[in-house]
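Coordinate analysis (summary)
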Amino acid sequence: MDILETSEYDRRQRRNTTCVVFLYLLPFFASCTIYFYLWIPDSAPSLMAAGIKAAPVLSLALLVFIYNGGWSLLGVAGGLLLSAGGDCCLIWPQLFIPGMGCFALAHMLYAVTFLSSRYSKTSTSSSVFILNFLLWSIGGGIYVYLVPFLQLDPDADVLVPAIGGYVLLIVIMATMATRTRRSLLIMGSVIFMASDLTIALTKFNVVDLEYKKHVIMITYYLAQLMIALGDVKAWMEADF
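Note that the structure is a prediction, hence the values are computed from the model and not measured.

1. Quick look at the overall build of the protein chain
- Looking only at helices and strands, the protein chain features eight helices and zero strands.
- Across the protein chain, helices and strands are ordered from the amino to the carboxyl terminus as α-α-α-α-α-α-α-α.
- Counting only residues that meet the buried cut, the protein chain has 43% of its 240 residues in that class.
- Of all intrachain contacts in the protein chain linking residues separated by at least 6 positions in sequence, the fraction that spans at least 24 positions is 75%.
- Split by element, the accessible area of the protein chain, about 12,500 Å² in all, is 70% carbon and sulfur.

In structure tokens, the structure reads:
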């Protein structure tokens, strides 16, 4: 093939792959529809409720695994599986700390993935520095504002350092995402950060947000979708 034929072939391959990715996303959209139709947050805690809540993220983990292979279990696919574990834990209020631990490990895997050579960048623009400054300022500011409310909780001795560590991890994850210069990953990580901070602010009665559960779950699923697609896209581009 000459250069033009090769370029056209690559474009066709990308289009075909995009169609296949969309088909693989149908279980995600279907399970999200079931979750919101049944409105699981208002249901009594049960294994069925946990499974329905975790199903969208599990479908994304399968998508990433199919495209990126076994090594993705140590990256985004593994992070998605840990997130699904966190989803299941948070169905039961008494498992809030284990659930938070699952998500903390997920953020660690995401951050490590964004540091891999597939995403590495040799330079950083001023806009990235500004975004990172905003992320750290928002994360640190909200945690400082949150501490007095955490100290009112009976488990304050555990919650104050645990929430602090969690906020640190999610800000690091978002910072590593900005380093990739990939819009899907950046938007996904920032939306994930917003979703989690909203959980903290509403759970500990810092703010009273109407439709808070809707906001939290819509942003959460959207964030995971963007991160999963961003990772798949990076692998697809590496193959062309």
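Now that the structure has been shown, we can carry on.
2. Some remarks on the environment of arginine 179
- Relative to the helices and strands, arginine 179 resides in helix H6 (residues 156–179).
- Counting along the chain gives 50 residues from arginine 179 to phenylalanine 129, while the straight-line C-alpha distance between them is 9.5 Å.

3. Looking at the packing of helix H5 (residues 126–150) against H6
- It is the contact of H5 with H6, at a shortest axis distance of 10 Å, that shows an interaxial angle of 170°. In this view, H5 runs roughly antiparallel relative to H6, as classed from their interaxial angle.
- Grouping the constituent residues of the contact of H5 with H6 by class yields 17 nonpolar, five polar and no charged.

4. Here's the deal with the pattern of salt bridges
- With the rule as written, the count across this model stands at one salt bridge.
- Between aspartate 42 and lysine 213 there is a salt bridge, and its shortest N-O distance comes to 3.4 Å. With a gap of 171 residues between them, aspartate 42 in the loop between helix H1 (3–38) and helix H2 (47–68) and lysine 213 in helix H8 (residues 212–239) connect regions that are remote in the sequence.
- Judged by relative accessible area, which is 55%, aspartate 42 ranks as exposed.

5. Remarks on the layout of surface pockets
- Taken as a whole, the largest pocket spans an internal volume of roughly 870 Å³.
- Within the residue set of the lining of the largest pocket, elements represented by two or more residues are H2, helix H3 (76–90), helix H4 (96–114), H6, helix H7 (183–203) and H8.
- Top contributing element to the lining of the largest pocket by residue count: H7, with eight residues.
- Quantified by volume, the second largest pocket comes out at close to 210 Å³.
- The residue inventory of the lining of the second largest pocket, partitioned by class, reads four nonpolar, five polar and two charged.

6. Here's the deal with the packing of H4 against H6
- At their nearest, the axes of H4 and H6 sit 9 Å apart, and the two run at 25° to each other. Between H4 and H6, the angle is such that the two are roughly parallel. As for how H4 packs across H6, the hand of that crossing is left-handed. In this structure, H4 uses Phe96, Ile97, Met100, Phe103, Ala104, His107, Met108, Tyr110, Ala111 and Phe114 to contact H6, whose residues at the interface are Val158, Leu159, Ala162, Ile163, Tyr166, Leu169, Ile170, Ile172, Met173, Met176, Ala177 and Arg179.

7. A few points about the side chain of glutamine 224
- Here glutamine 224 shows up in helix H8.
- Taking the relative accessible area as the measure of exposure, glutamine 224 reaches 0% and is therefore buried.
- Engagement of the side chain of glutamine 224 in a polar contact is seen with the side chain of tyrosine 110, the distance being 2.8 Å.
- In this structure, glutamine 224 is in contact with Val57, Leu60, Leu80, Ser83, Tyr110 and Phe192, ignoring residues within four places of it in sequence.

8. With respect to the side chain of aspartate 196
- Note on placement: aspartate 196 falls in helix H7.
- No salt bridge is formed by the buried aspartate 196; the nearest opposite charge belongs to lysine 53, separated by 9.7 Å.
- Of note is the side chain of aspartate 196, whose polar atom sits 3.4 Å from the side chain of histidine 107.
- Non-local contacts of aspartate 196, meaning those with residues more than four positions away in its chain, are made with His107, Tyr166 and Ile170.

9. Quick word on the environment of tyrosine 166
- The topology assignment puts tyrosine 166 in helix H6.
- Along the chain, tyrosine 166 and histidine 107 lie 59 residues apart, while their C-alpha atoms are 9.0 Å from each other.
- In this view, tyrosine 166 contacts Met100, Phe103, Ala104, His107 and Asp196; residues no more than four positions away in its chain are not counted.

10. Remarks on the UniProt feature "transmembrane region" (unreviewed entry) in the protein chain
- In the numbering adopted here, UniProt assigns the feature "transmembrane region" (unreviewed entry) to residues 21–40, 98–116, 128–146, 158–177, 184–202 and 214–232.
- As a span, residues 128–146 carries 100% helix and 0% strand, and end to end its C-alpha atoms are 27 Å apart.

Rules of the game
Residues numbered from 1 in each chain as written. Predicted model: local features only at pLDDT ≥ 70, side-chain atom pairs only at ≥ 80, totals over all residues. Heavy atoms only, no water. Helix = DSSP H or I, 4+ residues; strand = E, 2+ residues; numbered from the N terminus. Buried < 20%, exposed > 50% of the residue type's maximum accessible area, 1.4 Å probe, protein only. Contact = heavy atoms within 4.5 Å. Areas by Shrake-Rupley, 256 points an atom, 1.4 Å probe, with all protein chains shown as cover. Axes fitted to C-alpha atoms, helices over the stretch in contact; angles between N-to-C directions. Parallel < 35°, antiparallel > 145°, perpendicular 65-115°, else oblique. Nonpolar A, V, L, I, M, F, W, Y, C, P; charged D, E, K, R; others polar. Salt bridge = Lys/Arg side-chain N within 4 Å of Asp/Glu carboxyl O. 1 Å grid on protein atoms, 1.4 Å probe; cavity = no way out; pocket = protein on both sides within 12 Å on 5 of 7 lines; lining within 4 Å. Points joined across faces, edges and corners; volume = space filled by probe spheres on them. Left-handed = near helix turned anticlockwise from the far one by under 90°. Polar contact = N/O pair within 3.5 Å; in protein donor to acceptor, adjacent residues only side chain to side chain. Lys, Arg positive; Asp, Glu negative; His and termini not counted. UniProt positions renumbered as here; feature names shortened; annotations may be inferred.

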